[in-house]
Amino acid sequence: MKGKTAMTLRSLTLLVLAQVVAVGWGYRESAAGSITGRNATTNTVVFSDNGFEDDTAGSPPNAPATGSWTAIQGIGTGVDVATPFPALVTNDVSPGPNDGLNYFIVNRPSNNNSQRPLLIANLASPVTGSDILAFSFAFQRGTGSLQMILADSVGNAIANVTSNTGAGAWNLFNGAFSVGGATALPNSGSFWQDVTLRYAADGSLYELTVDGQTALFSGTPTSGPLGRIEFRTNGIGSWYIDGIVPEPSSIVLLGLGIGGVMLRSRRRMS
Ligand SMILES: [Ca+2]
Ligand SMILES: [Ca+2]
């Protein structure tokens, strides 16, 4: 009996390990790093890009799986063509991607608005009423500063998230830039960060999570239908966005969970 129990335990251990490997492997295969917008209330994906993996380096982004991209090389009056085009898919080894081979670089070469690039993630359908938008991406600030504007579908600003250079760099503002300010969220120009903005269209929620730390907006958020996210530049310099990598810890936990369920059902059977 003891021998049989030991053997069962050994085979179960192998089974659990196989599950961890199989589930981990399958998860990476099926869910590459992604930039994702989700209506968290209705559990509907409203934007999804695989982190530019099927794109051509040196070109503007191609169509994402859900929603659309708009890449513009200059905003404001006097829009002209900057050389090189300052918002492009890249596979440069420095600083390198967060996931896969490709990522996106936004470079503002001068303070002239004609060289102020703009990348817009247009949601497939607006998030309205009390529904919550959860928008996730990987970000590296590099030498630049980000102005991430949550707007309605035609660009009226509802919220502004900025990541400037220096300490206390992640700031939360309302649409008019009149309320809000610095958070204690971690920031660095030299590594990728996982960023999630969660915002309720009725203004009842406005929070930013960076590498697992969450900051709440300090004022009363602006309300309005959420239609797009504009990734703008503030000052001169480059920053980068890419897909978020699924966490290995959650993959292992998923594997262990399935192994545990099988262990329990085996015990019931014996
Ligand atoms: Ca990528
Ligand atoms: Ca693509």
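Residues numbered from 1 in each chain as written. Chains lettered and ligands numbered in written order. Predicted model: local features only at pLDDT ≥ 70, side-chain atom pairs only at ≥ 80, totals over all residues.

## A few points about the overall build of the chain
Helix and strand counts for the chain come out as 2 helices and 16 strands. Here the chain, with 270 residues, has 37% of them falling under the buried criterion. For the chain, the share of sequence-separated contacts (at least 6 apart) that also reach a separation of at least 24 residues comes to 69%. (Helix = DSSP H or I, 4+ residues; strand = E, 2+ residues; numbered from the N terminus. Buried ≥ 20, exposed ≤ 12 C-beta atoms within 10 Å, placed from the backbone. Contact = placed C-beta atoms within 7 Å.)

## Quick look at the sheet that holds strand β9 (residues 157–163)
Sheet architecture is open: 7 strands sit in the order β3-β6-β15-β8-β9-β10-β11, paired in antiparallel fashion. Pairing within the sheet leaves two strands with one partner each, and these edge strands are β3 (68–72) and β11 (180–182). On average, each strand axis in the sheet is tilted by 15 degrees relative to the strand beside it, whichever way the strands run. By the bridge criterion, 5 bridges tie β3 to strand β6 (residues 118–127) in an arrangement that is antiparallel. (Pairing = 2+ DSSP bridges. Axes fitted to C-alpha atoms, helices over the stretch in contact; angles between N-to-C directions.)

## Some thoughts on the environment of Ala121
Within the secondary structure, Ala121 sits in strand β6. For the pair formed by Ala121 and Thr66, sequence separation is 55 residues and the distance between their alpha carbons is 10.0 Å. With residues up to four places along the chain from it excluded, the contact list for Ala121 reads Gly37, Phe47, Gly67, Trp69, Arg228 and Ile229.

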